[in-house]
Amino acid sequence: FGNRLPLLGLALVCATGAIVIAFGQSLAILGLGCALVGLGGGLWPLLGAATAAEFGANEFGRAFGLLTLFIPSGALIPFIIAKVRESTGSYAPALIALAILCLLGGAACLMLRERREGNPGTAAEAIVADVVAPRT
C-alpha cells in the first residue's frame, strides 16, 4: 500500500495529539495527547522508506541528508510555543498551528509517487518515461 497512507495516518495522529493537548483539562487527557504526539517518532522509518521509493537507492543518501537538514529547526519550536503562551496566555494557538502544519504535511505526503509494477522506480525516472513514452 506504499508510504502515502502511513505518512498521512501519522500526520493525523500527531495533529490529533496536538489538539488534545491544546484543549485537554485532565492529566489523563494530557497524557493521551502526549502519547499521540510521541508516536510522531515513527516518522523516521517511514521517511526513509518514502525517500528510497521516491529517489531510488543511488540518490537516497543525498535526498535523506537534505531532509535531515531541517532537524535543527525543530529546536526552535519550544521557544516559539513559550512565546505564544506569554503573549496570549494560552498554549492553544501554538498547538493548533502545529496541528495545522501536521495536516499540511500529511496532505503533501499524498503527492508522493508510489512504485507499482511496470512503472519506473523513482520520480525522476517516471518523469523521463512520461516524456519519452507518454502513458495513455
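Residues numbered from 1 in each chain as written. Predicted model: local features only at pLDDT ≥ 70, side-chain atom pairs only at ≥ 80, totals over all residues. Heavy atoms only, no water.

Even after reading the chapter, I still don't get the overall build of the chain, so can you show me in this structure?
In terms of regular secondary structure, the chain is built from six helices and zero strands. When its helices and strands are written in sequence order, the chain yields α-α-α-α-α-α. When burial is assessed residue by residue, the chain has 25% of its 136 residues classed as buried. Across the chain, contacts joining residues at least 24 apart in sequence account for 56% of those joining residues at least 6 apart. On the chain, roughly 8,900 Å² of surface is accessible, and the fraction owed to carbon and sulfur atoms is 72%. (Helix = DSSP H or I, 4+ residues; strand = E, 2+ residues; numbered from the N terminus. Buried < 20%, exposed > 50% of the residue type's maximum accessible area, 1.4 Å probe, protein only. Contact = heavy atoms within 4.5 Å. Areas by Shrake-Rupley, 256 points an atom, 1.4 Å probe, with all protein chains shown as cover.)

In this structure, what is going on with the nonpolar core? I would like to understand it.
In a soluble, globular protein the nonpolar side chains are often hidden away together inside. Counting residues in each nonpolar core, the largest one holds five residues, listed as A22, I81, A92, A94 and L95. By residue number, the principal contributor to this core is helix 5 (residues 92–109), which donates three residues. Residues in contact with A92, not counting those within four places in the same chain, are A22 and F23. (Core = buried A, V, L, I, M, F, W, Y, C linked by side-chain atoms within 4.5 Å.)

Looking at this structure, I do not really get the layout of surface pockets. What am I missing?
Any space left empty among the atoms is revealed by the rolling of a water-sized probe across them. As a volume, the largest pocket reaches approximately 1,200 Å³. Along the wall of the largest pocket there are 32 residues; nearest its centre are G40, L43, W44, L47 and C102. For the lining of the largest pocket, the elements supplying multiple residues, two or more each, are helix 1 (4–23), helix 3 (43–68), helix 4 (77–88) and helix 5. (1 Å grid on protein atoms, 1.4 Å probe; cavity = no way out; pocket = protein on both sides within 12 Å on 5 of 7 lines; lining within 4 Å. Points joined across faces, edges and corners; volume = space filled by probe spheres on them.)

Would you take a moment to explain the side chain of T51 for this structure?
By secondary structure assignment, the location of T51 is in helix 3. Taking the relative accessible area as the measure of exposure, T51 reaches 3% and is therefore buried. When neighbours within four sequence positions are excluded, T51 is seen to be in contact with G56, F60, A63, F64 and L67.

Whenever I open this one, the pattern of salt bridges confuses me. Can you help?
A side chain of one charge can pair with a side chain of the opposite charge if their charged atoms are brought near each other. As enumerated under the stated definition, the model contains one salt bridge in all. When the shortest N-O distance is used, the salt bridge between R62 and E59 registers 3.5 Å. Here E59 and R62 lie together in helix 3, a separation of three residues that amounts to about one turn. (Salt bridge = Lys/Arg side-chain N within 4 Å of Asp/Glu carboxyl O.)

How do you make sense of the packing of aromatic side chains when you look at a structure like this?
When we look at a pair of aromatic rings, we describe it by the centre distance and by the angle of the planes. This structure, assessed with the given rule, holds two aromatic pairs. Ring geometry for W44 and F64: centres 6.3 Å apart, planes at 80 degrees, overall edge-to-face. An angle of 15 degrees between the planes, with centres 5.3 Å apart, marks the rings of F60 and F64 as stacked. Here F60 and its partner F64 are both found in helix 3, four residues apart, which amounts to about one turn of the helix. Aromatic ring contacts, followed pair by pair, group W44, F60 and F64 into a single cluster. (Phe/Tyr/Trp six-rings, centres within 6.5 Å; stacked < 30°, edge-to-face > 60°.)

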